[in-house]
Amino acid sequence: MTTTSHQREQARLLELFPPGSSVEHDELLIGGVRARDLADEFGTPAMIVDENALRARARRYRDDFSERWPNSLVVWASKSLPRTAIYRLMNEEGLGIDVAGGGEMMMALRAGADPQRVVMHGNAKSDHELTMAIDAGVGTIVIDNFDDIDRLERLVHDEQGVLVRVLPEIAAPTHAATATGHIDSKFGLPVADAQRAIARLRNSDTLRLDGLHVHIGSQILDTRPFTRAIEAIAPLGEFAVYDLGGGLGARYTFDSRVPTIEEYLDALIATARECLPSNARLLIEPGRSLVAEAGMTLYRVLTVKHGAHRSFVAVDGGMGDNLEVSLYGQAFDATVATRVGRGENFTLVGRHCESGDQLIETVALREPRVGDLIAVPVTGAYCLTMSNNYNGALRPPLVMVRDGHVRVVQRRETYDDLIARDLP
Ligand SMILES: Cc1ncc(COP(=O)(O)O)c(C=O)c1O
């Protein structure tokens, strides 16, 4: 292989890592920190997130949205990376926070978020969670069903701003597990029911109906379903607020084509100008597209096995720290972190007791060996969120890197943590 084609390969791989990542002497650096130093200090598997990349993405969303529609707010879907330090960062960048449930709400408030800029979701909210939200002064609660209205009318004594989540009856082109806008979805109210909820809320003494909410799913790579969702809710009447949800996809592999934030917002705003009142306040709730590409996971190779039909590289993590593959069939890419480049094809598998515990079906890795580090980019969204203790795995740390500095924002779980709630 000539140096130039090797360098080209490395450059292509680097495109999937956070901006500012680099390769020096064939070794990956993220946020100015060498992969090997991160593994030595924090062990593996480890989730690494680049702070500059996160902040840049948050600002880009914020500025591009307000340029196009000044009366607007980007509300970060915090389920994508729910750790207090990340809530604080998003809050510092001026974003509102979308929370689903009491735990996320608690972290948002702990991080200093203004409760008025918190949007509370959930298709099954408990009295306890609603009371937490009301007591904290959460600005917006999204009504998903008629029981939400019953509960809130019982619990709210002053005034509470609400939105009605409408099912726009759009089957978004994404995995069935992440589609939420089709008629059969468990989320939101079909149009006829939404109309009944709107009529009821307009007569409520305590619930102030501010507007509508719509969210059609996640990892959507086409702008048209988003604009169709706006067209679907527009005939429901004129409101002060429209929350258009999240769902824009992230670029997980070199070949995938993902609309840019600007393309996505151009499409949304063009349709909003046509269909929605010009003085309305617009909200969007990006999660995945805001945080996924700022993160990566570092693993250690534990074995390389040549099977009958393929060769396996098995690492010290897997579905305990990345359920995206087994839940949604998400495709990822990877490289040996200390030998960045391509080589033979391998199947990258985890250490858990499931044949479905596969991180990548086929990935070209350069001479992977036992003890090598493997870097899997674009793991910033939903991986840490859904990390678990399958096979007694210890959930990984979250390490934030920035300009050569590192900060642990979640430490690795210990065996003591593992048994802390286990009462023999
Ligand atoms: C109500 C709501 N808003 C926003 C999001 C964020 O979606 P994404 O991470 O795909 O942007 C979700 C994700 O499931 C959601 O349920």
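A quick note: this is a predicted structure, and the numbers were derived from the prediction, not measured. (Residues numbered from 1 in each chain as written. Predicted model: local features only at pLDDT ≥ 70, side-chain atom pairs only at ≥ 80, totals over all residues. Heavy atoms only, no water.)

> Explain the site of the ligand residue by residue, including any values.
Taken together, 15 residues surround the ligand, and among them Ser-218, Gly-247, Glu-285, Arg-288 and Tyr-382 come closest. Between an oxygen atom of the ligand and a side-chain N or O atom of Ser-218, the distance comes to 2.4 Å. Arg-288 places a polar main-chain atom, nitrogen or oxygen, 2.7 Å from an oxygen atom of the ligand. A total of 390 Å² of accessible area belongs to the ligand in isolation, and the protein chains cover 91% of it. Here the residues of the shell around the ligand sort into three nonpolar, seven polar and five charged. (Near = heavy atom within 4 Å. Polar contact = N/O pair within 3.5 Å; in protein donor to acceptor, adjacent residues only side chain to side chain. Areas by Shrake-Rupley, 256 points an atom, 1.4 Å probe, with all protein chains shown as cover. Nonpolar A, V, L, I, M, F, W, Y, C, P; charged D, E, K, R; others polar.)

> Could you give an account of the sheet that holds strand β1 (residues 22–24), naming the residues involved and the relevant values?
Taken in spatial order, the three strands of this open sheet run β1-β2-β3, and their pairing is antiparallel. Each edge of the open sheet carries a strand with a single partner, namely β1 and β3 (33–34). Here β1 runs beside strand β2 (residues 27–30); their pairing, made up of three bridges, is antiparallel. Following the sheet pairing, Val-23 is matched in β2 by Leu-28. (Pairing = 2+ DSSP bridges. Helix = DSSP H or I, 4+ residues; strand = E, 2+ residues; numbered from the N terminus.)

> Mind laying out the side chain of Arg-165, listing which residues take part and the relevant values?
Turning to its location among the elements, Arg-165 is positioned in strand β9 (residues 160–167). In this structure, Arg-165 is buried with no salt-bridge partner, the nearest side chain bearing the opposite charge being Asp-144 at 4.7 Å. Excluding residues that lie within four positions of it along the chain, Arg-165 makes contacts with Val-142, Ile-143, Asp-144, Thr-180, Phe-187, Gly-188, Leu-189, His-213 and His-215. (Buried < 20%, exposed > 50% of the residue type's maximum accessible area, 1.4 Å probe, protein only. Lys, Arg positive; Asp, Glu negative; His and termini not counted. Salt bridge = Lys/Arg side-chain N within 4 Å of Asp/Glu carboxyl O. Contact = heavy atoms within 4.5 Å.)

> Kindly report on the pairing of strand β19 (residues 373–377), identifying the contributing residues and their values.
Within β19, five of the five residues are buried, which leaves the element mostly enclosed by the surrounding structure. The two faces of β19 match: Leu-373, Ala-375 and Pro-377 on one face and Ile-374 and Val-376 on the other face are all buried. Examined bridge by bridge, strand β14 (residues 295–306) and β19 share five bridges and lie antiparallel to one another. Note that in β19 the partner of Leu-298 across the bridge is Ala-375. Examined bridge by bridge, strand β16 (residues 335–336) and β19 share two bridges and lie antiparallel to one another. Note that in β19 the partner of Val-336 across the bridge is Ile-374.

> I'd like a rundown of the pairing of strand β20 (residues 398–402), residues and numbers included.
The buried count for β20 comes to four of five residues, which makes it a mostly enclosed element. One ladder, built from four bridges, connects strand β4 (residues 46–50) with β20; its direction is parallel. Across the sheet, residue Met-47 finds its bridge partner in β20, namely Leu-398. Looking at chain direction, β20 and strand β21 (residues 405–410) are connected through five bridges and run antiparallel. Bridge assignment links Val-401 to a residue of β21, and that residue is Val-406. Between β20 and β21, which pair antiparallel one after the other, the connecting turn spans two residues, and Asp-403 there sits at a positive phi close to 45°.

> Requested: an account of the domain arrangement of the protein chain, with residues and values cited.
Domain annotation for the protein chain reports domain 1 (3–50 + 292–419) and domain 2 (69–286). Put simply, the middle of domain 1 and the middle of domain 2, counted by C-alpha atoms, are 32 Å apart. Listed as interface residues are 24 residues of domain 1 and, on the opposing side, 19 residues of domain 2. Interface area, domain 1 with domain 2, both sides summed: about 2,000 Å², of which 62% is carbon and sulfur. On inspection of domain 1 and its partner domain 2, the count reaches one salt bridge. Glu-15 is the partner of Arg-251 in a salt bridge, and the nearest nitrogen-oxygen pair spans 3.0 Å. Along the contact surface separating domain 1 from domain 2 lie seven residue pairs in polar contact (both at pLDDT 80 or more). Of all the secondary-structure elements, those providing two or more residues to the side of domain 1 that touches domain 2 are α12 (324–328), β20 and β21. Split by residue class, the side of domain 1 that touches domain 2 holds 14 nonpolar, five polar and five charged. (Domains from an automatic or database assignment. Buried area = accessible area lost by both parts, 1.4 Å probe.)

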